[in-house]
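# Observations on chain architecture
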Amino acid sequence: AFTLAAVLPTVFGFEGFTYLVIALSLSLAWLWLPLTGFKAKDDTRWAKEMFVFSILIITALSFAMAIK
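A brief look at the structure comes next.

The rules we used
- In this convention, every chain numbers its residues from 1, walking through the sequence in written order.
- Residues qualify for local features only when their pLDDT is at least 70, as the model is predicted, and side-chain atom pairs are given and counted only at 80 or more; totals for whole chains, interfaces and linings, by contrast, use all residues.
- Hydrogens are left out, water is left out, and the side-chain values use all remaining heavy atoms of the structure.
- The way it works is that DSSP assigns letters per residue, a run of H or I at least four long becomes a helix, a run of E at least two long becomes a strand, and they are numbered from the N terminus.
- In this description, contact between two residues means that some pair of their heavy atoms is separated by no more than 4.5 Å.
- The set of buried Ala, Val, Leu, Ile, Met, Phe, Trp, Tyr and Cys residues whose side-chain atoms join them within 4.5 Å is what this entry labels a nonpolar core.
- Any residue under 20% of the maximum accessible area for its type is buried, any over 50% is exposed, and the rest in between are partly exposed; the area is computed with a 1.4 Å probe on protein chains only.
- Helix span, expected: 1.5 Å multiplied by one less than the number of residues in the helix.
- Convention adopted: a line fitted to C-alpha atoms gives each axis, helices being fitted over their contacting stretch, and angles between N-to-C directions are expressed from 0 to 180 degrees.
- Here roughly perpendicular refers to angles of 65 to 115 degrees, roughly parallel to angles under 35, roughly antiparallel to angles over 145, and oblique to all remaining angles.
- In this classification, Asp, Glu, Lys and Arg are treated as charged, Ala, Val, Leu, Ile, Met, Phe, Trp, Tyr, Cys and Pro as nonpolar, and every other residue, Gly included, as polar.

Relative to the helices and strands, Thr-3 resides in helix 1 (residues 2-11). A C-alpha to C-alpha distance of 14 Å links Thr-3 and Leu-33, two positions 30 residues apart in sequence. The residues contacting Thr-3, other than those within four sequence positions of it, are Leu-24 and Ser-27.

We now examine the nonpolar core. Ranked by size, the top nonpolar core spans six residues in total: Ala-6, Tyr-19, Ala-23, Ile-57, Leu-61 and Ala-64. A total of three residues in this core trace back to one element, the largest contributor, which is helix 3 (residues 43-67). Sequence-distant contacts of Leu-61, defined by excluding residues within four places in its chain, comprise Phe-2, Ala-6, Tyr-19, Ile-22, Ala-23 and Leu-26.

Our next topic: helix 3. Helix length check: helix 3 (25 residues) gives 36 Å between terminal C-alpha atoms against 36 Å at 1.5 Å per residue, within 8%. Within helix 3 the residues assigned to the buried category are Met-50, Ser-54, Ile-57, Leu-61 and Ala-64. At its buried positions, helix 3 is contacted by helix 1 and helix 2 (17-36).

Once that is clear, we can look at the packing of helix 2 against helix 3. Look at helix 2 against helix 3: their axes get within 10 Å of each other, and the N-to-C directions meet at 175°. If you check the angle between helix 2 and helix 3, you find them roughly antiparallel. Listed contacts from helix 3 to Tyr-19, Ile-22, Ala-23, Leu-26, Ser-27, Ala-29, Trp-30, Leu-33, Pro-34 and Thr-36 of helix 2 are Trp-46, Glu-49, Met-50, Phe-53, Ser-54, Ile-57, Ala-60, Leu-61, Ala-64 and Met-65. Looking at side-chain class alone, the contact of helix 2 with helix 3 contains 16 nonpolar, three polar and one charged residues.

Shown next as structure tokens:
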């Protein structure tokens, strides 16, 4: 759902190709991170990594929208 929501600004013409590449790259990385959680030995560390990455991805997407 996040990946779809992240690429919708490009679909509707509000953002360009650069934003689309950034959004897809970060979204796919964020999708991959939860899958690694199934093999994580330390659940607390994995959860903190997810939290930090979620803040980074929101910041990066906001910055990408601002620089247009």
